[in-house]
Amino acid sequence: MKLGIVGLPNVGKSTLFNALTGSHAETGIYSNAAAKPNIGQAKVPDSRLDWLTEFYHPKKTTPATIDFVDVVGIKKGGGRGNAYLQTIRTVDALVHIVRCFENPDIFEEPADAAGDAASLSLELILADMEVVERRIDRAAKAAKSGDKKAKREVEMCQNLLAHLEEGKPASTFEFTDEDKDILQDGGLLSVKPVIYVANLDEDGMADYANHAQYQALAELAAEQGAAVLPVAAKFEEEIAEMDADDAAMFMEELGLTQRGLDRLINASYDLLGYISFLTGGEDEVRAWTITKGTKAPRAAGKIHSDIERGFIRAETIAFEDLKTYGSYAAAKAKGLFRSEGKEYVMKDGDIVNFLFNV
């Protein structure tokens, strides 16, 4: 999975990217001149892996990961010519960083979180209008020859275009199942899931719920059906550069139980409809990423295609059950260790051993 970190110039995109991925991308007022986006990987925090590591004492522990792309700063009014759009087309969802802090050394104008968020949304809408207009032209030509599907596409795209022209993102358009089939791989940008990140300074973060800029952004997000999270990106970057013990001590002094970035990563994971199943043993403890609703054979294929091809059954136990009873033997005695077949739908936190024969 891949998420694009987007936003206007100098709002903290690269700072957040560095904190998420442990990278050292250039930050500062001139950093947006970079020709290529920064790409990095973030580990999905999962306390279940920590417990299983203590349980198995494996040679290595491998968490699930998310790829993040730090997209070049988007300029207001760039519209259809904005070069960053092609990068955004390749990602599954957007993490939109919005300035909710003041910095007179960089910004002459005060923060306007809702206005900035709406500006970027408009850029995506303008790009989508161009895509939909082209589709209408192509489909209209096909419809003249009597193609019923093309005629339906023209009708749907005209309705979508009218929706976009009102300044509304494609994510709020009511697509029918037939519409979704027609628009498959349609290249729309404003239909992508969005998490708004309110980038606050430390003072603002301390009472973000009553922060005027955060409140305005939260209202906009609610209108669009998007998520919003408060984060102090500079603070998170400083914590990320500390060793684990120092970071834990620093957070404890501030009364923090969880990093803002952990909440963001988990929210990103949920946004895309992903869950994790777990495997464990002396060699490795690992979290594997699958989509909600995945059946056991397809999940087995994440480990190796041979396991999916020769799938027999899945021996599985819920993580919480193993943790509660402390051993497989005790959990088995309670009837909590199950043997599941090909139609079993995997659940988040399943600890699995797949049996197969090829």
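Everything numeric in this text was worked out from a predicted model, so none of it was measured. (Residues numbered from 1 in each chain as written. Predicted model: local features only at pLDDT ≥ 70, side-chain atom pairs only at ≥ 80, totals over all residues. Heavy atoms only, no water.)

What follows concerns the nonpolar core. With 38 residues, the main nonpolar core has Leu16, Leu20, Leu52, Phe68, Val95 and Leu264 as its most contacted residues. Residue contacts for Leu52: discarding those within four places in its chain leaves His57, Leu278, Val285, Phe319, Leu322 and Ile351. Of all hydrophobic cores here, the second largest spans 25 residues; its members include Val6, Val71, Ile88 and Ala113. (Core = buried A, V, L, I, M, F, W, Y, C linked by side-chain atoms within 4.5 Å. Buried < 20%, exposed > 50% of the residue type's maximum accessible area, 1.4 Å probe, protein only. Contact = heavy atoms within 4.5 Å.)

In this model helix α8 (residues 212–224) runs 19 Å from its N-terminal to its C-terminal C-alpha over 13 residues, within 8% of the 18 Å that 1.5 Å per residue would give. Among all positions of α8, only Gln213, Tyr214, Leu217, Leu220, Ala221 and Gln224 are buried. Seen end-on, α8 carries its buried residues on one side only, within an arc spanning 125 degrees. Turned more than 90 degrees off the buried face of α8, the exposed positions are Ala212, Glu219, Ala222 and Glu223. Contacts from the buried residues of α8 go to β5 (93–99), α4 (113–143), β6 (194–199) and β7 (227–231). Directly after α8, the chain includes Gly225, whose backbone phi takes a positive value near 70 degrees. (Helix = DSSP H or I, 4+ residues; strand = E, 2+ residues; numbered from the N terminus. Expected span 1.5 Å × (residues − 1). Arc of directions from axis to C-beta.)

For helix α9 (residues 233–240), every residue scored as buried is listed here: Ala233, Phe235, Glu236, Glu237 and Ile239. Where the residues of α9 are buried, they touch α1 (13–21), β6, α7 (202–206), β7, α10 (244–253) and α11 (260–271).

Turning next to the packing of aromatic side chains. Taken as a whole and judged by the stated rule, the model has 12 aromatic pairs. Measuring from centroid to centroid gives 4.8 Å for Phe173 and Phe175, while their planes differ by 70 degrees, and the two rings are edge-to-face. Using a relative accessible area of 15% as the deciding quantity, one classes Phe173 as buried. Among the aromatic residues, those joined into a ring-pair cluster are Trp51, Phe55, Tyr56, Phe319, Tyr328 and Phe337. Across the ring face of Trp288, the terminal group of Arg286 is positioned such that the distance to the ring centre comes to 3.9 Å. The ring of Phe337 carries Lys332 above its face, with NZ or CZ at 4.9 Å from the centroid. (Phe/Tyr/Trp six-rings, centres within 6.5 Å; stacked < 30°, edge-to-face > 60°. Lys NZ or Arg CZ within 6 Å of the ring centre and 35° of its normal.)

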